[in-house]
Amino acid sequence: MAEVPGTLEGWFALHDFRKLDWARWKAVGAQEKAAILEEAVAFLNNAEKAADAPEGSSACYAIVGHKSDLMFLHLRPTLEQLGAIERAFNQTRLADFTTQTYSYVSVTELSLYEAYARGGSEDAAELAKSPFVQKRLKPQIPDMPYICFYPMNKKRGEVQNWYAAGMEERRLMMREHATTGRKYHDQITQMITGSTGLDDWEWGVTLFAVDALPIKKLVYEMRFDEVTAKYGEFGEFQVGTRVTPAKLPEILG
Amino acid sequence: MAEVPGTLEGWFALHDFRKLDWARWKAVGAQEKAAILEEAVAFLNNAEKAADAPEGSSACYAIVGHKSDLMFLHLRPTLEQLGAIERAFNQTRLADFTTQTYSYVSVTELSLYEAYARGGSEDAAELAKSPFVQKRLKPQIPDMPYICFYPMNKKRGEVQNWYAAGMEERRLMMREHATTGRKYHDQITQMITGSTGLDDWEWGVTLFAVDALPIKKLVYEMRFDEVTAKYGEFGEFQVGTRVTPAKLPEILG
Amino acid sequence: MAEVPGTLEGWFALHDFRKLDWARWKAVGAQEKAAILEEAVAFLNNAEKAADAPEGSSACYAIVGHKSDLMFLHLRPTLEQLGAIERAFNQTRLADFTTQTYSYVSVTELSLYEAYARGGSEDAAELAKSPFVQKRLKPQIPDMPYICFYPMNKKRGEVQNWYAAGMEERRLMMREHATTGRKYHDQITQMITGSTGLDDWEWGVTLFAVDALPIKKLVYEMRFDEVTAKYGEFGEFQVGTRVTPAKLPEILG
Amino acid sequence: MAEVPGTLEGWFALHDFRKLDWARWKAVGAQEKAAILEEAVAFLNNAEKAADAPEGSSACYAIVGHKSDLMFLHLRPTLEQLGAIERAFNQTRLADFTTQTYSYVSVTELSLYEAYARGGSEDAAELAKSPFVQKRLKPQIPDMPYICFYPMNKKRGEVQNWYAAGMEERRLMMREHATTGRKYHDQITQMITGSTGLDDWEWGVTLFAVDALPIKKLVYEMRFDEVTAKYGEFGEFQVGTRVTPAKLPEILG
Amino acid sequence: MAEVPGTLEGWFALHDFRKLDWARWKAVGAQEKAAILEEAVAFLNNAEKAADAPEGSSACYAIVGHKSDLMFLHLRPTLEQLGAIERAFNQTRLADFTTQTYSYVSVTELSLYEAYARGGSEDAAELAKSPFVQKRLKPQIPDMPYICFYPMNKKRGEVQNWYAAGMEERRLMMREHATTGRKYHDQITQMITGSTGLDDWEWGVTLFAVDALPIKKLVYEMRFDEVTAKYGEFGEFQVGTRVTPAKLPEILG
């Protein structure tokens, strides 16, 4: 058995993707539409304030392409709170015009490969208390206009198997990978969430960006990192732009 | 041909996943909704008492994410009884507002790798009578707030093939795996069900947990076990929280 | 090119899976429902008598789980007759409450690996006339309460390739496999149908059983047979229980 | 780069699969149904005469199983003509009772492996003019009662890669394959269409047969040809029987 | 880590595929249909003029086969503009008769393998300014009657891994590939768009052609290029013909 890297976890995350039935939505009269939008804006406002829980963070995005039209991202301390806010949106009238095309359940995660290198679990316990780590594990969603979400696995192939590789070998690959990420530090804020046991892939990657092009450039460059070239397996990618509560009515025409 | 490990089996299991049509459900009037919920609560109460069979156990869970909204877990002595209780729910009016998005048919299973190591089938026959084993094979669903379900296979790859590995090699890997599981003994109760010939994967894994985080931590740690790293293949994961009959109306708003 | 084993074929087989729209079905009035059921019972009675063809055999099963509710199994001398009986069910009013979720088109098959070993095609021609073989190729569906159906392929991998293995090697693996099957002789009757060129997998396996547990135990034990461990690839498994015409109204509530 | 075999192409082909909504179709009154069928028969008659184009060939088949109910096969000189005839059927009232479950876009193809062996491209140019080749590339659909369609690829695996194999090696495998096909010459007429760049697989295979069993036997025997055993990858198989315009009303009840 | 080739990017691209509900569409009265078509033609005219953005290019195509009926191709400077024009079509009444069956989000890309060979990034910066490159990155959609779109990956297999191959090895393979493409220069104009981080595959390939046959011949010939034979992985292919605004009413009958 290969050595297991410690991990720190924080808030649970729900990425909730919705596709709008435009034909039915457009058929709604102007007055009713305004009321429905008012309710949806109130839902989003409350979600952003995490009014439904002691703490947390939420945001909404307009997704480009056929996979979905809207994505709600909710970060909350517990899994129950995610279920509750998912149901709360289902209780809005806007939800009646949407189908839930995809979702992802995960929890913010910090891998302790580097902490282990510096002396193992004691160091990790200390690390967990640092404000830097707390901010990573309980992150306020940054006010950035672009988003990209995709889930991923580390390959367990018959020849190349991440989970059978040595701890040090994995640590060095993760370090190289982090170095690539830091090059885009000004343009992209990354949120890593773990999902083994919670959803179909092992991790979710959420990229918040100042523009769409750096997303493409970062993900392309990372594909040449040894950890990705050899071990990365990816699910579906969804990209879009931030929709503040005030902007929601505009997006929905 | 590799040696076949003996297995003991107990109750058949049906994991029955349902997605609610919220738009149609919300359109139901308050009085009718109350009547429908009353009928659903009665169904769940009877199922939990296994009123439909000589013995058994049932529970309901609220699933987080798009895959489903509710999961009913039924354990019964026979496959017919599972079919009957599935149809019984279909006869409720609540069922008319749901679609059956997934299900899993299996039977509780205990692998006798360790029994074989201690002297083979005689020992196994003895083992089957023990109260400990009977409790594993005919388990009352524990009163724990979180659940995780996923189906899995052991890989039959061109290089790494569980079913061609030696009995002793497999036994040692299963022992390591059990050791990882025992670390989470206080937090997670595991139910293994076998499904070769019954459903699309070879096993179903149901984790009952005191909290959601240990589920993530256990499944992640196990991924580094040799048996998982080399041979584990996984289907979809669904996670959620227990819904007692009394709590069902609240979940359905 | 590896030597091709001779095969004998008999009746064509259609496994026709249907899922019931329970909500719509339950909304039908008692009188109309009785008329619809009467027509469906008549259809099944006629199918069981093969009234639509010179000879054949049919049966209906209640499937457990989300994949389907009913499976009709039809064995007939020609492919046209299968198409005709599929359309005949579509003409019933019960069919209007179902969707056809899956089906499988194949033809009963006997592989002549052993005949070849005993002297090749002359022996095979003789074999075809024997009552034992005729019963295998034109089987009356046995009166057994449980069923399991799954389609399968023999792997053509980059390393392990059934179709490139030698005839004698394949014969020995098939013999071992048959030996495992014979252990369950009292509990399970197996029907093998070939489907290269007819459907998406190479074979269909239909197990008729006295109980559900032997199905699980047989399929699990066979997974350790060399032919399965190395070369078996499986589609979806569906299991259920026999529904006689008289029992059909009860199953449909 | 491996040497590319020359190919000759002729008519474009559309395999257009439709599933009937039997419930809605049966609800249509007798008079309206007759009018709809008359229009559909006229469409099929015109299609068979290629009245929509300078030349071509069309036929209709009743498919057995859940994948579809009808398949229209259209051969026309240009891709536009295929699009036009697809839309022409969509303009019929019968089309309103169908969903287009699958289709395949390809073009008749003759691989010049043997021509190359006999002296390369000069020989190929000559070949294209021969009546035999013209009949292969612009084939009138034969008047045979059974059909089988499936798409296929040649494997580009990490070990076995058709597109990296030598020209002579590929030619010899194709010759062996053709020899197997010729054994069924009296019973099966094969039409090969190429679809790289046109649809999701590299080739479509359409088998016209005097009976269903030879289809099964041919495809099974070919699976042992080296070219198939090592390199063949297959999509879905659909089988059925010819429906002449006069027979269409009968099939649709 | 393998050396990362520089890339230049230009306009973002949305391939927006729609399937028409012919039954509902045909039921619309002539006058209303004319009004709906007028609006759709106006949408397409404005899109072709990029009236919604400072610059860009758009076109519409009729797709053959079941996957879709229409494809809108939009090239715009920003991802937001793609989202906006997608929503603008959803606001048309014609959109109410369509479902969005597929889409692809990418950005025009020029790989700098050759520039690197000639002296690296300085050269690349210079290259970006050249009119030739600007035309590649901000291309007016050519006035050609045929189109083919497919997404693709470079394989990251356990044996053959593009992202672990050396820069020079990759450059030589790309050069060979370009040579094949140039043979079809008179008949096919190719547009490469990159989509790592933006959609599910790494690249989109759009071929504009004077006829359908060269598409088939080019893609087939390229399959023997080493880069494709060893590393090419492909998604679904869709082919069709250009639909100018004036021709749209004719295509929709």
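Here is a short report on the structure shown in this document.

As for the overall build of chain A
At step 1: Broken down by element type, chain A carries ten helices and nine strands.
At step 2: A compact globule built from 253 residues should have a C-alpha radius of gyration of about 18 Å, and chain A, at 19 Å, falls within 12% of that.
At step 3: If you line up chain A on its principal axes, its C-alpha atoms span 65 × 35 × 35 Å.
At step 4: Counting every position in chain A, which comprises 253 residues, the buried fraction comes to 62%.
At step 5: For chain A, the share of sequence-separated contacts (at least 6 apart) that also reach a separation of at least 24 residues comes to 79%.
At step 6: Treating the 29 positive side-chain charges of chain A as one cloud and the 35 negative ones as another, the clouds have centres 3 Å apart.

Considering helix α2 (residues 30–48) of chain E
Side chains three or four residues apart in an α-helix point the same way, a direct result of the helix having 3.6 residues per turn.
All names here are of chain E.
At step 1: Between its first and last C-alpha atoms α2 spans 26 Å; for 19 residues at 1.5 Å apiece the expected length is 27 Å, and the two agree.
At step 2: Of the positions making up α2, those classed as buried are Lys33, Ile36, Leu37, Ala40, Val41, Phe43, Leu44 and Ala47. With its buried residues spanning 155 degrees around the axis, α2 presents them on a single face. Facing away from the buried surface of α2 by more than 90 degrees, the exposed residues are Gln31 and Glu38.
At step 3: Turning to α2, the residues buried within the fold contact α1 (22–26), β2 (57–63), β3 (70–76), α3 (79–90) and α10 (248–251).
At step 4: Alanine 50 occupies a position one or two residues after α2 and carries a positive phi of about 55 degrees.

What about the relation of the copies chain E and chain A?
At step 1: Superposing chain E onto chain A requires a rotation of 72 degrees together with a translation of 0.0 Å along the rotation axis, leaving an RMSD of 0.0 Å. The two molecules are tied by a five-fold rotation axis, judged by turn and shift.

Side note on the packing of aromatic side chains
At step 1: The full count for this structure, using the stated rule, is 75 aromatic pairs over all chains.
At step 2: Note on tyrosine 150 of chain C and phenylalanine 237 of chain C: the rings are 4.4 Å apart at their centroids and 25 degrees apart in plane angle, and the pair reads as stacked. Note that tyrosine 150 of chain C is positioned in strand β5 (residues 146–154) and phenylalanine 237 of chain C in the loop between β8 (232–234) and β9 (238–242), a separation of 87 residues in sequence. Each member of the pair tyrosine 150 of chain C and phenylalanine 237 of chain C is classed as buried.
At step 3: With a centroid separation of 5.7 Å and 45 degrees between ring planes, the pair formed by phenylalanine 17 of chain E and tyrosine 102 of chain E is classed as tilted. Here phenylalanine 17 of chain E is found in strand β1 (residues 7–20), whereas its partner tyrosine 102 of chain E is found in strand β4 (residues 98–111), with 85 residues between them in sequence.
At step 4: Relative accessible area serves as the criterion here: at 0%, phenylalanine 17 of chain E is assigned to the buried category.
At step 5: Each member of the aromatic cluster is reached from another via a ring pair, and the members are Phe17, Tyr102, Tyr104 and Phe149 of chain A.
At step 6: Its guanidinium or amino end placed over the ring of tryptophan 203 of chain D, lysine 154 of chain D lies 4.4 Å from that ring's centre, counting from NZ or CZ.

Quick look at the interface of chain C and chain D
At step 1: Between chain C and chain D, the residue contacts involve 42 residues of the former and 43 residues of the latter.
At step 2: For the pairing of chain C and chain D, the buried interface totals around 3,700 Å² over both sides, and the portion due to carbon and sulfur atoms is 56%.
At step 3: The largest contributions to the chain C side of the interface with chain D come from Met1, Arg156 and Glu158 of chain C, which together make up 20% of the buried area.
At step 4: In this structure, the connection of chain C to chain D is made through seven salt bridges.
At step 5: For the pair chain C and chain D, the interface holds 24 residue pairs in polar contact (both at pLDDT 80 or more).
At step 6: Those elements giving two or more residues to the side of chain C that touches chain D turn out to be β1 (7–20), α3 (79–90) and β4 (98–111) of chain C.
At step 7: By residue number, the principal contributor to the side of chain C that touches chain D is β4 of chain C, which donates eight residues.

Comments concerning the arrangement of the chains
At step 1: Taking C-alpha atoms as the reference, chain A and chain D come no closer than 12 Å and do not contact one another.
At step 2: Taking C-alpha atoms as the reference, chain B and chain D come no closer than 12 Å and do not contact one another.

Observations concerning the packing of helix α7 (residues 167–183) of chain E against helix α8 (residues 212–222) of chain E
Residue and element names in this part refer to chain E.
At step 1: Between α7 and α8, whose axes approach to 10 Å, the crossing angle comes to 160 degrees. If you check the angle between α7 and α8, you find them roughly antiparallel. When the axes of α7 and α8 are compared, the crossing they make is right-handed. Across the interface between the two elements, His177, Thr180, Gly181 and Lys183 from α7 touch Leu218, Glu221 and Met222 from α8.
At step 2: In terms of residue class, the contact of α7 with α8 is built from two nonpolar, three polar and two charged.

Regarding the pattern of salt bridges
At step 1: Scanning all chains against the criterion turns up 92 salt bridges over all chains.
At step 2: The salt bridge partner of glutamate 55 of chain A is lysine 138 of chain A, with a shortest N-O separation of 3.7 Å. Here glutamate 55 of chain A, found in the loop between α2 (30–48) and β2 (57–63), pairs with lysine 138 of chain A, found in the loop between α6 (131–137) and β5 (146–154); they are 83 residues apart in sequence, far enough to count as distant.
At step 3: The closest approach of N and O atoms between arginine 223 of chain C and glutamate 202 of chain B, which form a salt bridge, is 2.9 Å. Residue arginine 223 of chain C is located in the loop between α8 (212–222) and α9 (226–231), and its partner glutamate 202 of chain B is located in the loop between β6 (188–194) and β7 (203–209); the two belong to separate chains. The two residues arginine 223 of chain C and glutamate 202 of chain B agree in class, both being buried.
At step 4: Through salt bridges that share partners, Glu9 and Glu109 of chain A together with Lys216 and Lys217 of chain B make up one connected network.

Some details on the interface of chain E and chain A
At step 1: At the junction of the two partners, chain E supplies 42 residues and chain A supplies 43 residues.
At step 2: For the chain E face of the interface with chain A, the top three residues by lost area are Met1, Arg156 and Glu158 of chain E, together amounting to 20%.
At step 3: Scanning the region where chain E abuts chain A turns up seven salt bridges.
At step 4: Where chain E touches chain A, the interface holds 23 residue pairs in polar contact (both at pLDDT 80 or more).
At step 5: When contributions to the side of chain E that touches chain A are tallied by element, the ones reaching two or more residues are β1, α3 and β4 of chain E.
At step 6: For the side of chain E that touches chain A, the element with the highest residue contribution is β4 of chain E, accounting for eight residues.
At step 7: When grouped by side-chain class, the residues that make up the side of chain E that touches chain A number 14 nonpolar, 14 polar and 14 charged.

Overview of the pairing of strand β7 (residues 203–209) of chain A
All names here are of chain A.
At step 1: Most of β7 sits inside the fold, with seven of its seven residues counted as buried.
At step 2: Of the two faces of β7, the one carrying Trp203, Val205, Leu207 and Ala209 and the one carrying Gly204, Thr206 and Phe208 are both buried.
At step 3: In this structure, β5 lies alongside β7, joined through seven bridges in antiparallel fashion. Counted as the bridge partner of proline 151 is glycine 204 from β7.
At step 4: Pairing analysis gives seven bridges linking strand β6 (residues 188–194) to β7, with the strands arranged antiparallel. For glycine 194, the partnering residue across the bridge sits in β7 and is tryptophan 203.

Considerations on the side chain of threonine 228 of chain A
At step 1: As for its placement among the helices and strands, threonine 228 of chain A is situated in helix α9 (residues 226–231).
At step 2: On the basis of relative accessibility, which here comes to 7%, the residue threonine 228 of chain A falls in the buried class.
At step 3: Within the structure, the side chain of threonine 228 of chain A is placed 3.0 Å from the backbone oxygen of methionine 222 of chain A, a separation counted as a polar contact.
At step 4: Every residue in contact with threonine 228 of chain A, bar those within four places of it in the chain, is listed here: His177, Met222, Arg223 and Phe234 of chain A together with Arg156 of chain E.

So, how was this worked out
- Residues numbered from 1 in each chain as written.
- Chains lettered and ligands numbered in written order.
- Predicted model: local features only at pLDDT ≥ 70, side-chain atom pairs only at ≥ 80, totals over all residues.
- Heavy atoms only, no water.
- Helix = DSSP H or I, 4+ residues; strand = E, 2+ residues; numbered from the N terminus.
- Rg over C-alpha atoms; globule rule 2.2 N^0.38 Å.
- Buried < 20%, exposed > 50% of the residue type's maximum accessible area, 1.4 Å probe, protein only.
- Contact = heavy atoms within 4.5 Å.
- Lys, Arg positive; Asp, Glu negative; His and termini not counted.
- Charge placed at Lys NZ, Arg CZ, Asp CG, Glu CD.
- Expected span 1.5 Å × (residues − 1).
- Arc of directions from axis to C-beta.
- Least-squares fit on C-alpha atoms with pLDDT ≥ 70 in both.
- Phe/Tyr/Trp six-rings, centres within 6.5 Å; stacked < 30°, edge-to-face > 60°.
- Lys NZ or Arg CZ within 6 Å of the ring centre and 35° of its normal.
- Buried area = accessible area lost by both parts, 1.4 Å probe.
- Salt bridge = Lys/Arg side-chain N within 4 Å of Asp/Glu carboxyl O.
- Polar contact = N/O pair within 3.5 Å; in protein donor to acceptor, adjacent residues only side chain to side chain.
- Axes fitted to C-alpha atoms, helices over the stretch in contact; angles between N-to-C directions.
- Parallel < 35°, antiparallel > 145°, perpendicular 65-115°, else oblique.
- Left-handed = near helix turned anticlockwise from the far one by under 90°.
- Nonpolar A, V, L, I, M, F, W, Y, C, P; charged D, E, K, R; others polar.
- Pairing = 2+ DSSP bridges.

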